[in-house]
Amino acid sequence: MADLDPPFHTDPGSSMLGFSLTSPDLVICAGSPDLPSNNSRDSTDSFLNKCHQKMETALELSLDKGIKGSQEIKRNRDQLTVRFSTASPSLIHVLSLSPESSFELPPPDVSEDKDNSMMPYADDAENEHGGSSPELAINYKRQKVELARMRKEMEELKKENCLKTKECQEALKSLQELQNELMRKSMHVGSLAFAIEGQVKEKSKWFSSLRDLARKLKIMKMEQMKLSEEAATYKSCLQDVNCISATIQSKINQQEELHNDLKAKFVEGAKERKELYNKVLELKGNIRVFCRCRPLNSEESTAGASVAVDFECSSDGELTVKSNGAFRKTYKFDSVFGPQADQADVFEDTAPLATSVLDGYNVCIFAYGQTGTGKTYTMEGTDEARGVNYRTLEEFFRIIKEREQLYRYDITVSVLEVYNEQIRDLLASGTQSVPPTKRLEIRQSGEGTHHVPGLTEAHVNNMNQVWEVLQTGSNARAIGSTNSNEHSSRSHCLHCVMVKGENLLNGECTKSKLWLVDLAGSERIAKTEVQGERLKETQNINRSLSALGDVISALATKSPHIPFRNSKLTHLLQDSLGGDSKALMIVQISPNENDISETMCSLNFASRVKGVELGCAKKQLDTAEFIKYKQMVNIFSVNFALTLFHSCLSVYFL
Ligand SMILES: Nc1ncnc2c1ncn2[C@@H]1O[C@H](COP(=O)(O)OP(=O)(O)OP(=O)(O)O)[C@@H](O)[C@H]1O
């Protein structure tokens with residue numbers, strides 16, 4: 001093998017087959033260790049000759065990655081065979097070969113071989129055998145012929161090789177193009193793979209989002225189902241609620257109708273009650289007279305004064321005046337209170353008038369009598385024994401509390417005095433130190449009511465405020481004169497209580513006025529023998545008291561003209577003395593026999609007021625009519641019972 005020179009060189013541009021092997025895929029290597037790799041540039045012919053000379057030489061042709069170690073060139077004596085067994089499919093395709101393709105290299109034509117290179121060989125054979133052997137000569141000739149033939153075949157192969165080389169070059173060119181294309185495609189595929197990788201990542205992100213959304217959707221579906229169930233429940237509940245609501249509404253309507261009916265009935269009832277109550281008071285007399293006698297004071301008791309008044313029949317409203325133990329006269333009043341009666345007893349009979357005031361009627365309560373008989377005591381009272389003024393307002397607040405669901409009231413109090421026919425505001429700020437210079441006058445409003453412009457009106461909401469106002473007025477009256485006792489005896493003290501009421505059921509409003517009057521003492525001028533200023537005072541007092549008597553008389557006789565304007569007192573009291581208003585006179589008397597003439601004078605005046613002397617015909621008539629009707633009803637009842645009894649008897653005996 002060492003003698004065999006490699007028939008081809010490893011230069012990448014040529015091969016044993018005569019085509020260039022530029023492709024990295026197509027590498028010829030010495031597959032057999034017998035093929036040394038040197039750079040010999042021997043021709044193919046020389047190689048084949050040498051092959052021919054070494055008949056037993058085996059060659060292995062390898063095309064790395066293309067025709068890989070699978071070509072076998074087997075040399076036998078007759079021919080050289082090249083086999084393609086595991087060639088690259090692409091190369092095989094280019095060469096139009098099948099994996100099992102092979103071709104044979106024919107032996108060189110010996111006869112035609114004129115090559116000098118063979119000659120030494122022949123010469124050597126001749127020389128070796130001495131040219132003497134005919135067999136050798138024959139062999140030689142045969143060999144020569146064979147060599148010629150092989151040379152011819154070699155030529156053909158060379159041509160074919162050229163063709164195949166061209167084909168291979170073209171195939172290689174195509175292969176390169178294909179490789180380039182493949183590279184481009186690979187790059188494209190790479191970029192596509194990169195893009196796909198991105199897309200895959202994106203896709204996985206989307207998938208994860210999709211999974212989240214699917215999970216949320218599932219939860220929402222469950223919630224939606226739950227809500228649907230709840231909605232269905234609520235729907236059924238709603239129907240029930242609607243049913244209940246309709247029932248409640250109808251009940252409310254019924255109740256509302258009932259309420260309105262009851263309200264109407266209540267308003268009607270309240271109105272009826274008010275009218276009946278008023279009727280009762282009218283039957284009792286719109287002008288009522290009470291008589292109250294004070295006890296003997298300590299001085300009188302010490303002096304051993306005799307009592308001239310008998311109260312045996314006081315419960316029947318009667319009292320008897322005696323003189324020196326002899327009967328003088330009996331008086332009858334609506335109520336008579338002896339020396340033992342206390343403030344509460346007096347107020348018990350007075351209280352109904354408080355109700356009348358809150359019902360909207362004007363009322364006047366006044367105390368009349370001789371000085372020192374207890375007028376102020378009855379009206380104002382003391383801290384321990386509070387009088388009519390305080391108790392009436394107390395009764396107001398009690399009734400207001402009772403009626404708070406049905407009525408709303410607003411109460412104001414004014415305190416004034418009339419002295420020598422002059423009006424003085426006892427609640428005005430100036431009254432505490434000096435008497436006010438401003439003259440107060442009585443005015444008539446558009447509604448026909450009378451009022452004193454500029455008079456202080458104190459709002460009172462509770463009894464503490466009432467007591468404060470009463471005390472302020474009382475103190476102002478006492479301070480107004482150097483001699484408080486004297487002064488208080490010579491002036492009329494008036495408390496005006498304004499009551500505004502609102503019926504919360506029907507919105508009806510009322511405005512009523514209560515006068516609480518502590519009149520000045522009614523002394524007889526002759527007895528007191530007064531002169532000068534005192535005489536003027538007394539005359540003014542008597543004039544105003546007389547005017548009051550005249551007004552009351554005119555009211556009792558229903559005179560067409562009532563002389564209210566004859567005095568400041570009657571002018572002030574005008575609204576509470578006429579019409580539907582009610583008046584209560586409490587005549588105060590002394591039990592002392594020494595005062596009997598003043599006592600009888602006061603009692604006579606009171607009797608005149610009550611209408612006994614003047615003959616209170618209407619009242620009397622009303623009572624008589626009432627008794628007559630009552631008797632008629634009784635007679636009718638008896639007759640009806642008798643008739644019924646006779647009817648029953650006749651039926652029984654039939
Ligand atoms: N019913 C009574 N019980 C006890 N004391 C009485 C009663 N009535 C009056 N008094 C007492 O008699 C005195 C005189 O009373 P009061 O001042 O009220 O008389 P008045 O008629 O108002 O006198 P004036 O006309 O001077 O004002 C007072 O001390 C008073 O406390």
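Residues numbered from 1 in each chain as written. Predicted model: local features only at pLDDT ≥ 70, side-chain atom pairs only at ≥ 80, totals over all residues. Heavy atoms only, no water.

> Help me understand the pattern of salt bridges, please; the structure alone is not making it clear to me.
Pairs can form between side chains of opposite charge once their charged atoms are near each other. What the rule picks out here adds up to 16 salt bridges. With a closest N to O distance of 2.9 Å, R398 and E395 form a salt bridge. Note that R398 and E395 are positioned in helix 8 (residues 388-402) at a spacing of three residues, about one turn of the helix. A salt bridge links R424 to E417, with the shortest nitrogen-to-oxygen separation between them at 2.8 Å. Assessed through its relative accessible area of 1%, E417 is described here as buried. Salt bridges linked by common partners bring E146, R149 and E153 together as one network. (Salt bridge = Lys/Arg side-chain N within 4 Å of Asp/Glu carboxyl O. Helix = DSSP H or I, 4+ residues; strand = E, 2+ residues; numbered from the N terminus. Buried < 20%, exposed > 50% of the residue type's maximum accessible area, 1.4 Å probe, protein only.)

> What is the right way to read the packing of helix 12 (residues 532-556) against helix 14 (residues 596-610) from this model?
Helix-helix packing is described using two parameters, namely the angle between the two axes and the distance between the axes. Running from N to C, helix 12 and helix 14 point in directions that differ by 30 degrees, and their axes come no closer than 8 Å. When the axes of helix 12 and helix 14 are compared, the pair comes out roughly parallel. Together, L545, G549, D550, I552 and S553 of helix 12 and F605, R608 and V609 of helix 14 make up the contact between the two elements. (Axes fitted to C-alpha atoms, helices over the stretch in contact; angles between N-to-C directions. Parallel < 35°, antiparallel > 145°, perpendicular 65-115°, else oblique. Contact = heavy atoms within 4.5 Å.)

> Where do I start with the sheet that holds strand 7 (residues 309-310) in this structure?
One key point about sheets: their strands pair by backbone hydrogen bonds, in either a parallel or an antiparallel sense. The antiparallel open sheet is built from three strands, whose spatial order is 7-8-9. What marks the edges here is a single partner per strand, and that holds for strand 7 and strand 9 (326-332). Bridge count between strand 8 (residues 318-323) and strand 9: six bridges; the pairing is antiparallel. By the bridge assignment for strand 9, K322 is matched with F327. Sheet contacts for helix 14: strand 7, strand 8 and strand 9; angle to strand 9, the most-contacted strand, approximately 30 degrees. (Pairing = 2+ DSSP bridges.)

> Looking at this structure, how should I read the UniProt feature "binding site: ATP" (unreviewed entry) in the chain?
Within the UniProt annotation, "binding site: ATP" (unreviewed entry) is assigned to G369, Q370, T371, G372, T373, G374, K375 and T376. Excluding anything up to four places from it in sequence, G369 contacts K375, A520, G521, S522, Q588 and S602. Mapped onto the secondary structure, G372 falls in the loop between strand 11 (363-369) and helix 7 (375-379). (UniProt positions renumbered as here; feature names shortened; annotations may be inferred.)

> How should the side chain of Q588 be read in this particular structure?
You can see Q588 is positioned in strand 19 (residues 582-589). Given the relative accessible area of 2%, Q588 is considered buried. There is a polar contact of 3.0 Å between the side chain of Q588 and the backbone oxygen of T373. (Polar contact = N/O pair within 3.5 Å; in protein donor to acceptor, adjacent residues only side chain to side chain.)

> Explain the environment of D550 here, please?
Inspection of the secondary structure assignment puts D550 in helix 12. Counting along the chain gives 58 residues from D550 to R608, while the straight-line C-alpha distance between them is 9.7 Å. Not counting chain neighbours up to four residues away, the residues in contact with D550 comprise P563 and R608.

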